[in-house]
Amino acid sequence: MKIVSVVGARPNFMKMASLDAAFRKSGKVQNVLVHTGQHYDDAMSQVFFDELQLPKPDQYLGVGSGSHAQQTAEVMKRFEPVMDLEKPDAVLVVGDVNSTLACALAAAKKQVPVAHVEAGLRSFDKNMPEEVNRLVTDHLSTWLFTSEPSGAKNLEKEGITDDVFFAGNTMIDTLRFFHKKARDLNMKEKLDLEGYGLVTLHRPENVDDSKTLAKIVALLEVASRHEELVWPVHPRTKKQLEHTGLNQRIADNKKIRLLEPQGYLEFLSLQMDARFVLTDSGGIQEETTFLDVPCLTLRENTERPVTVEQGSNTLVGSDKGKLRAALEQIGRGTYKHATVPENWDGKAGQRIAEYLEATE
Ligand code: UD1
């Protein structure tokens, strides 16, 4: 069986690492790896290939940045000839970025079956570009691999019941595999940190509008009164901080330390030793749940409800009161603890490989 697997943006790489390893281990699938180039800076892409032991992509499409339509269209145009060349039995996509949607659509139009890893997640907020990507990708897919129980329930409500398989979380496979290496890296000591909160922000709805971004910076100022904050800044956010002049306000706050985007192991090390994480990322809500590190999500909704119901995640949105209450609980040691969700056991990639091999 020949599969063309797609990665494009930062959160795809850790999901693919486990799948690629599983395919290589079984030897029954020829996995052709395609990188669309949606993310292209070394710090957003190459460092993950190096650290995650991902092979060099067989094809690099060099798409780069653009509006949603431009980026999606460009990936489709460049991906179609790859399918003509490789003639795969299936195209495998992960997550919910524009590259995921574009390759699923290009494949479906050529009647190549699509396997979607991380299917069925829903925030029910179509203002999020990822929600549109998730909806369309799932409806084009032949095989749908879910990562948490909400996935199958959401799909069933949309009339998708065939070939839905509760595989578990391939990103957590990768976290488990690299846990010790990240621990040994000890970024806390390297950066000379005591107690700290870790910040990540990149969602367009949080960073693109200057008023909203100013509100979020005010929330960070509240949190910085509890602990020093360490914040690796995404390129999208960096541009906006500079554009709005908020970078100056942050520079004046001695308890907020800005860093460049971090590699996988570095960031994982920072997460595991943080007193809390403040984020708008989806994947980080899951990683902190696995690590049982308090995660305060600066969003009103989540497509990953298991991280709230069973994990260490709380949706604080833009509510200072909720943020303060959670920080006080963390300070007092009364914040909730996580239990590891079902099938986040390090074997999701292997289950997906076995499932696809059996479809031959
Ligand atoms: C994308 C995904 C988002 C994911 C995030 C992780 C979509 C719709 N969004 O958002 O789901 O959570 O990646 O990071 O697919 N840029 C660089 N260097 C890079 C890549 C981007 O400087 O290597 C800058 C460019 O100015 C670009 C901007 O970041 O315009 C945004 O990049 P883009 O890929 O469009 O979206 P992300 O915000 O990264």
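Before going into details, it helps to say that this report is about the structure given with it. Computed from a predicted model, the values in this text were never measured in an experiment. (Residues numbered from 1 in each chain as written. Predicted model: local features only at pLDDT ≥ 70, side-chain atom pairs only at ≥ 80, totals over all residues. Heavy atoms only, no water.)

Pairing within the open sheet is parallel, and its seven strands lie in the order β3-β2-β1-β4-β5-β6-β7. Two strands close off the open sheet at either side, each with one partner strand: β3 (59-60) and β7 (164-166). Across four bridges, strand β5 (residues 114-119) lies against strand β6 (residues 143-146) in parallel orientation. Of the residues in β6, the one forming a bridge with H116 is L144. Contacting β1 (2-7), β2 (30-35), β3 and β4 (90-94), helix α3 (residues 68-86) runs over the sheet at an angle of about 160° to β1. (Pairing = 2+ DSSP bridges. Helix = DSSP H or I, 4+ residues; strand = E, 2+ residues; numbered from the N terminus. Contact = heavy atoms within 4.5 Å. Axes fitted to C-alpha atoms, helices over the stretch in contact; angles between N-to-C directions.)

What the rule picks out here adds up to 23 salt bridges. With its nearest N and O atoms 2.6 Å apart, the salt bridge here joins D20 to R24. Taken as a pair, D20 and R24 lie in helix α1 (residues 10-26) at a separation of four residues, close to a single helical turn. Measuring nitrogen to oxygen at the nearest pair gives 3.7 Å for the salt bridge that ties E303 to R134. (Salt bridge = Lys/Arg side-chain N within 4 Å of Asp/Glu carboxyl O.)

A word on the side chain of T72. Take T72: it is sitting in helix α3. T72 sits in the buried class, given a relative accessible area of 11%. Look past the residues within four positions of T72 in its chain and what remains in contact with it is N98, L101 and A102. (Buried < 20%, exposed > 50% of the residue type's maximum accessible area, 1.4 Å probe, protein only.)

With that settled, consider the site of the ligand. Neighbouring the ligand are 18 residues; H39, N98, E130, R236 and K239 lie closest to it. Within the side chain of H234, one N or O atom sits 3.1 Å away from an oxygen atom of the ligand. Within the side chain of R236, one N or O atom sits 2.6 Å away from an oxygen atom of the ligand. Contact with the protein chains removes 89% of the 740 Å² of surface that the ligand exposes when unbound. Sort the elements by how many residues they give to the shell around the ligand and helix α11 (residues 235-244) lands first, with three residues. (Near = heavy atom within 4 Å. Polar contact = N/O pair within 3.5 Å; in protein donor to acceptor, adjacent residues only side chain to side chain. Areas by Shrake-Rupley, 256 points an atom, 1.4 Å probe, with all protein chains shown as cover.)

So, on to the nonpolar core. Counting residues in hydrophobic clusters, the biggest one holds 53 residues, and the most contacted among them are L52, L92, Y264 and L356. When residues of this core are assigned to their parent elements, the largest contribution, seven residues, is made by α1. Per-domain counts for this core show at least three residues from each of domain 1 (2-169 + 344-358) and domain 2 (180-332). Among residues more than four places away in sequence, those in contact with Y264 are M14, F48, E51, L52, M171, T174, L175, F178 and E287. Ranked by size, the runner-up nonpolar core spans 27 residues in total, among them V199, I250, L323 and A326. (Core = buried A, V, L, I, M, F, W, Y, C linked by side-chain atoms within 4.5 Å. Domains from an automatic or database assignment.)

Sheet architecture is open: six strands sit in the order β10-β9-β8-β11-β12-β13, paired in parallel fashion. A single partner strand is all that each edge strand has here, and the edge strands are β10 (256-259) and β13 (313-315). Adjacent strand axes in the sheet meet at a mean angle of 20°, parallel and antiparallel pairs treated alike. In the sheet, strand β11 (residues 276-279) pairs with strand β12 (residues 295-297) via three bridges, with the strands oriented parallel. Looking across to β12, one finds that T279 is bridged to T297. Contacts from helix α16 (residues 320-332) reach β11, β12 and β13, with the element oriented near 180° to β12.

Quick look at unusual backbone geometry now. You will see that D163, though not glycine, has its phi angle at about 55°, which is positive. Looking at the secondary structure, you find D163 in the loop between α6 (149-157) and β7. Phi angles above zero are rare outside glycine, and N186 is one such case at about 45°. Considering the arrangement of structural elements, one finds N186 in the loop between α7 (170-185) and α8 (187-190).

Moving on, we get to α7. Three- or four-residue spacings in an α-helix give side chains the same orientation, since the helix completes a turn every 3.6 residues. Between its terminal C-alpha atoms α7 stretches 22 Å, which fits the 22 Å expected from 16 residues at 1.5 Å a residue. Along its length, α7 shows its largest kink, about 55°, at F178. What α7 keeps buried is the set T170, M171, I172, D173, T174, L175, F178 and A182. Residues of α7 that are buried in the fold lie against α1, α2 (46-51), β5, α13 (264-272), α14 (282-291) and α17 (348-358). Between the side-chain oxygen at the start of α7 and the backbone nitrogen of M171 there is a gap of 3.0 Å, and the oxygen is on N169. Once α7 ends, the next one or two residues include N186, with phi positive near 45°. (Expected span 1.5 Å × (residues − 1). Bend = angle between axes of the 7 residues up to and from the residue.)

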